[in-house]
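Commentary on secondary and tertiary structure
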Amino acid sequence: MPDADLNLLTALNALLSEGNVAKAAERMGLSESAMSRTLARLRDATGDQLLVRAGRGMVPTPHALALRDRVRELVQESHAVLQPADASVDPRSLQRLFTIRANDGFIEAFAHVLVARIAQEAPGVRLRFAPKPDKDVRPLREGLIDLDVGVLGESGPEVRIQALYRDRFIAAVREGHPLLAEAEITPERYAACDHVVTSRHGRTEGPVDVALAAMGLARNAAVVVPSFGTALSIAAATDLVALIPASYFERLRAQSTLRSFPLPVPAEQITISQMWHPRLDRDPAHRWLRGMVLALCRSPEDSF
């Protein structure tokens, strides 16, 4: 095909990655009907249906599965080849969708500030915040997300990492909670309360429980929830004690019904980092995004 439209590779990559015409259209900034027409062109070009209906969704054909990794690599390499090594970008003229994967603590603390700043400096940029169910780096490798924000996990040797800020966990309770009746909140009084625990995987124990166990104490995890926002909602309406990142609580826009206090047990600080795939290292738009996130998150007292 001497006159093949190589832009179809990018569309094919989006379709095979998302497995959904609507999501692929959103990823590429197209209408759903335009993406449907592109899928029809791809079917003609490859001689294969690529995606077929299965109930309410779509599934890839065997030929599409065989192509998926190869297409992704071709798209990534073509972007790298055609990207000037030291190009700069004018944010005001930038038209791009960035997908940032982060947990609700980061999103609640920083997303509204980041969105406001980008709306002012780069009105053509759109952000999509994706949930962070785990620390798997596969979405970075496959180009499903542009930036991963959180505590460093098993990243693999190729992932680029930049520390953003240090955080610590604190406790939060409702105004008038019995723990606040006395000036000193001891480990014993803290452990004697019922607690609401935040865990994406339903775990009831963590570093705080290890620290309490070293003192011969244990807390009762009465409720386990998947998000910090839910934990705070429960703490605000009950006598349960929530464990919350300080950055999350400090930036809440409605704290009138809650009070926080330092944990009465030793607790290590955690480092929140941004992570990306090396193919995006020299991408001017991605460098601009990383710089924006770093400027919003990095505290003057943090040195890494």
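Residues numbered from 1 in each chain as written. Predicted model: local features only at pLDDT ≥ 70, side-chain atom pairs only at ≥ 80, totals over all residues. Heavy atoms only, no water.

A separate point is the pattern of salt bridges. Under the defined criterion, the tally for this structure stands at 13 salt bridges. With a closest N to O distance of 2.6 Å, R96 and D283 form a salt bridge. With R96 in strand β3 (residues 96–101) and D283 in the loop between β12 (270–276) and α11 (284–297), this residue pair connects regions lying 187 residues apart in the sequence. By relative accessible area, D283 is classed as buried at 9%. Residues joined in a network through salt bridges with shared partners are R101, K132 and D148. (Salt bridge = Lys/Arg side-chain N within 4 Å of Asp/Glu carboxyl O. Helix = DSSP H or I, 4+ residues; strand = E, 2+ residues; numbered from the N terminus. Buried < 20%, exposed > 50% of the residue type's maximum accessible area, 1.4 Å probe, protein only.)

A separate point is the sheet that holds β12. The five strands lie next to each other as β4-β3-β5-β12-β6, forming an open sheet whose pairing is mixed. Two strands lie at the open edges of the sheet, namely β4 (125–130) and β6 (160–167), each paired on one side alone. Between one strand and the next, the sheet's axes are offset by a mean angle of 20°, whatever the strand orientation. Relative to β12, strand β5 (residues 147–151) runs antiparallel, the two sharing four bridges. Note on β12: the bridge partner recorded for V151 is I272. (Pairing = 2+ DSSP bridges. Axes fitted to C-alpha atoms, helices over the stretch in contact; angles between N-to-C directions.)

The next thing to look at is the packing of aromatic side chains. For the coordinates displayed, the defined rule picks out four aromatic pairs. Geometrically, the ring pair formed by F228 and Y248 is tilted, given 5.7 Å between the ring centres and 55° between the ring planes. Of this pair, F228 sits in helix α9 (residues 228–237) while Y248 sits in helix α10 (residues 246–250); the two residues are 20 residues apart in sequence, bridging distant segments of the chain. Each member of the pair F228 and Y248 is classed as buried. Aromatic ring contacts, followed pair by pair, group F106, F110 and Y165 into a single cluster. Above the ring of W276, the side-chain terminus of R290 is found at 4.2 Å from the ring centroid. (Phe/Tyr/Trp six-rings, centres within 6.5 Å; stacked < 30°, edge-to-face > 60°. Lys NZ or Arg CZ within 6 Å of the ring centre and 35° of its normal.)

Tracing the chain through its elements places K132 in the loop between β4 and α6 (138–141). The exposure class assigned to K132 is buried, which follows from its relative accessible area of 6%. Of note is the side chain of K132, whose polar atom sits 2.6 Å from the side chain of D148. Each residue touching K132, except ones within four places of it in the same chain, is listed here: R101, A102, N103, D148, V149, G150 and R200. (Polar contact = N/O pair within 3.5 Å; in protein donor to acceptor, adjacent residues only side chain to side chain. Contact = heavy atoms within 4.5 Å.)

Positive phi, normally seen in glycine, also occurs at L50, with a value near 65°. L50 gets classed as buried once you look at its relative accessible area, which sits at 1%.

Turning to the nonpolar core, a few remarks are in order. Among the nonpolar cores identified, the biggest contains 25 residues, and F106, I118, W288, L289 and V293 are the most heavily contacted of them. Listed by contribution, the elements that provide at least two residues to this core are β3, α5 (104–121), β5, β6, β12 and α11. When residues in this core are grouped by element, the largest group, seven residues, is from α11. Ignoring anything within four residues of it in the chain, the contact list for F106 reads A111, V149, Y165, V293 and C297. A11, L12, M35 and V75 belong to the second largest nonpolar core, which has 19 residues in total. (Core = buried A, V, L, I, M, F, W, Y, C linked by side-chain atoms within 4.5 Å.)

Attention now goes to the sheet that holds strand β8 (residues 194–198). One open sheet holds the five strands; their spatial order is β9-β8-β10-β7-β11, and the pairing between them is mixed. Every interior strand has two partners, whereas the edge strands, β9 (220–225) and β11 (258–262), have only one. Averaged over all neighbouring strand pairs, the angle between strand axes comes to 35°, with direction disregarded. Sheet topology note: the β8/β9 ladder contains five bridges and is parallel. Directly across from V197, in β9, lies its bridge partner V224. Running over the sheet, α9 touches β7 (169–174), β8, β9, β10 (241–245) and β11 and is turned about 145° from β10.

Okay, the packing of helix α2 (residues 21–28) against helix α3 (residues 32–46) next. Helices that pack against each other are described as a pair by the angle of their axes relative to one another and the distance between those axes. Packing of α2 against α3 leaves a shortest axis separation of 8 Å and a crossing angle of 105°. The orientation of α2 relative to α3 falls into the category roughly perpendicular. Across the interface between the two elements, V21, A22, A24, A25 and M28 from α2 touch E32, M35, S36 and L39 from α3. Of the residues contributing to the contact of α2 with α3, the split by class is seven nonpolar, one polar and one charged. (Parallel < 35°, antiparallel > 145°, perpendicular 65-115°, else oblique. Nonpolar A, V, L, I, M, F, W, Y, C, P; charged D, E, K, R; others polar.)

Another point: the environment of Q162. Within the secondary structure, Q162 sits in strand β6. Through-space distance from the C-alpha of Q162 to that of R290 is 9.1 Å; in sequence the pair is 128 residues apart. Residue contacts for Q162: discarding those within four places in its chain leaves S273, Q274, W276, L294 and R298. Within the local environment of Q162, its side chain forms a polar contact with the side chain of Q274, the two groups lying 2.6 Å apart.

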